[in-house]
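Architecture and fold: a report
Here are the chains, one letter per residue:
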Amino acid sequence: MPQTDDELRWFRPGGTDEASDAATRTWAEAVFRGFHDKPPVPGQVERMARFYREDDRELGGVYVAGTPEGAVDPSIPVATFASMTNTLNTGATLLPTHEITAVTVRATHRRRGLLRRMMTEDLRRAADAGLAMAALTASEATIYGRFGFGVAVERESLRIDTRRGLAFGPATGPAPAGRTEFIEREGIAAVSRRVFARWHAITPGSIDRQASYPGNIDGTLHDGGMEPDTAVRGAAHWGEDGEPDGYVTWRFAGWDTEPTTVRVLDLVAATDDAYRALWELLGSLDLVDRVTWDHASVDEPLRWAIADPRSCAVTEREDSLWLRILDPVAALQARPGGAPGTVRLALTDALDIAAGTLEVVSEDGRLTARRVEDAPADVTLPVAALSSAYLGGISVDTLARAGAVTGDPEAVQRLAGMLATGRVPQCLTQF
Ligand SMILES: CC(=O)SCCNC(=O)CCNC(=O)[C@H](O)C(C)(C)COP(=O)(O)OP(=O)(O)OC[C@H]1O[C@@H](n2cnc3c(N)ncnc32)[C@H](O)[C@@H]1OP(=O)(O)O
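Residues numbered from 1 in each chain as written. Predicted model: local features only at pLDDT ≥ 70, side-chain atom pairs only at ≥ 80, totals over all residues.

To keep things clear, this is the line we draw: UniProt positions are given in the numbering used here, feature names are shortened, and annotations may be inferred rather than shown by experiment.
By the naming in an unreviewed UniProt entry, the protein goes by UPF0256 protein and is assigned to Tersicoccus solisilvae. UniProt, in the comment section headed Sequence similarities (unreviewed entry), describes the protein in these words: "Belongs to the acetyltransferase Eis family." Quoted verbatim from the Subunit (unreviewed entry) heading of the UniProt record, the comment on the protein is "Homohexamer; trimer of dimers."

What follows is the structure, given as structure tokens:
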């Protein structure tokens, strides 16, 4: 267990664009160590802190006293945590969501409850502030279930054989409207902000992007140093109205890689024409035999568009977005309803933030929920299971077959229908 003189402090990133304050600098130093990065170079912490101020992040650090002389400076925290608020597209609205990131615990202080202490305090504070949902993207899938998080969006890695180009099948109709052009690396950020905003507004499961994001996908923040990766290339698609509606950025893997490979860094298409046009471009890159992409939807339209679906192989399937319901009434009412029906849910929560019995009604495409006291429930599920089912990407029926949801089988089926949605959720944001 933590020593009694371990102190958990919450603060905002301070300083100016030119010079960060000591607390932000030592906190950043700890995060760089936690993720095995090189120490920050001059200017790097200031740039990071500028983005963090734009995100309005709150930082948390655990500080220990009484370290022996010669050990790491005690002003560098042994554990870190950060949070910010961005919107989640629920399929019905853009729901302000508490995002958790930058979780590290120094190896000498692991498994003493520091993560549990930071997480418990942070989730409680977010719930008290009125946020209905928390979210994260995880380094390991075994850490966060115990805190009530469930996988709500998955992603796939694709390996596409483009040796003979990428022929589109007869079912895909006329050539996509609009035009596709290469863009300069320096122009990617502006296009990506505009296109991502359009895509985010129409895509269930999408989380809005933090301020640094364009720099992650245009090579500016490559490897964390101050020098950009100028090998990053990009192209955009403009619709017939002259507005950009899609873009892709990529990096050539080098002539030593066989077969010759292009790795897609980011691909966002707000229209179906942009989507097909960008894949046509990727399939037509000369001297490239393979295209890979790690952030495809588990329901990617590409394999239904191309003449040879076997040329598009899934090489990995992994969790993408984890959700954690904080306020079940507000969260459920912020998402669409599926099939009509009424179910009483007993929601369990080891952290006692969201627990209780709820009556949920689906009617006319909307969900309403209210707390009911001392009423028998039809279905019992932990908050992690309801969080997994929240966006409609994972079915309550599947969770019941896995043993994560229990209750009257007919009510489980009804609830599965009430929470089913039309579109498989996708998240193109890592944070
Ligand atoms: C959202 C993000 O930022 S993702 C990035 C997460 N960070 C990293 O992966 C960096 C490297 N890892 C670390 O810094 C640490 O090992 C952490 C943050 C994962 C865990 O921190 P700790 O302080 O050791 O965790 P803590 O002692 O509070 O453990 C809490 C519980 O989680 C469990 N746990 C912690 N880490 C893991 C793990 N990697 N796998 C499985 N269980 C874990 C503990 O056993 C404990 O379980 P219990 O309460 O049921 O007994």
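Next comes the rest of the write-up.
1. As for the overall build of the protein
Note the cut-off: Counting from the N terminus, the helices are the DSSP runs of H or I reaching at least four residues and the strands are the DSSP runs of E reaching at least two. Each radius of gyration reported is based on C-alpha atoms, and the globular scaling rule is 2.2 Å times the count of residues to the power 0.38. Put plainly, a residue is buried at 20 or more neighbouring C-beta atoms within 10 Å of its own, exposed at 12 or fewer, and partly exposed in between, counting only other residues' C-beta atoms, which are placed from the backbone. Here contacts are defined at the residue level, using C-beta atoms placed from the backbone and a cut-off of 7 Å between them.
Each helix and strand counted, the protein has 11 helices and 17 strands in total. Computed over C-alpha atoms, the radius of gyration of the protein comes to 23 Å, within 12% of the 22 Å expected from 2.2 N^0.38 for 431 residues, which places it in the range of a compact globule. Taken over 431 residues, the protein has a buried fraction of 42%. Put simply, 73% of the contacts in the protein that link residues at least 6 apart link residues at least 24 apart.

2. Some thoughts on the UniProt feature "binding site: acetyl-CoA" (unreviewed entry) in the protein
As recorded in UniProt, the feature "binding site: acetyl-CoA" (unreviewed entry) lies at Val103, Thr104, Val105, Arg111, Arg112, Gly113, Leu114, Leu115, Arg116, Ser139 and Glu140. By the element assignment, Gly113 lies in the loop between strand S4 (94-105) and helix H3 (114-128). On the secondary structure map, Arg116 appears in helix H3. The class of Arg116 is partly exposed, set by 15 C-beta atoms lying within 10 Å.

3. Structural notes on helix H6 (residues 272-283)
Threshold: Helix span, as expected, comes to 1.5 Å for every residue beyond the first.
Between its first and last C-alpha atoms H6 spans 17 Å; for 12 residues at 1.5 Å apiece the expected length is 16 Å, and the two agree. Burial runs high along H6: 9 of the 12 residues are buried. Turning to H6, its buried residues number three or more, namely Asp273, Ala274, Tyr275, Arg276, Ala277, Leu278, Trp279, Leu282 and Gly283.

4. Notes on the pairing of strand S16 (residues 379-382)
Across a regular strand the side chains alternate sides, sitting on one face of the sheet and then on the other. Here is the rule: Should DSSP find at least two bridges between two strands, the strands are regarded as paired.
As paired elements, strand S13 (residues 341-348) and S16 share 4 bridges and run parallel to each other. Across the sheet, residue Leu345 finds its bridge partner in S16, namely Val379. The sheet contact formed by S16 and strand S17 (residues 406-407) spans 2 bridges and is antiparallel. Counterpart to Val379 in the pairing with S17 is Gly407.

5. Details of the UniProt feature "domain: Enhanced intracellular survival protein" (unreviewed entry) in the protein
Here, UniProt's "domain: Enhanced intracellular survival protein" (unreviewed entry) annotation points to residues 330-427. Spanning residues 330-427, this segment combines 29% helix with 29% strand, and its end C-alpha atoms are found 22 Å apart.

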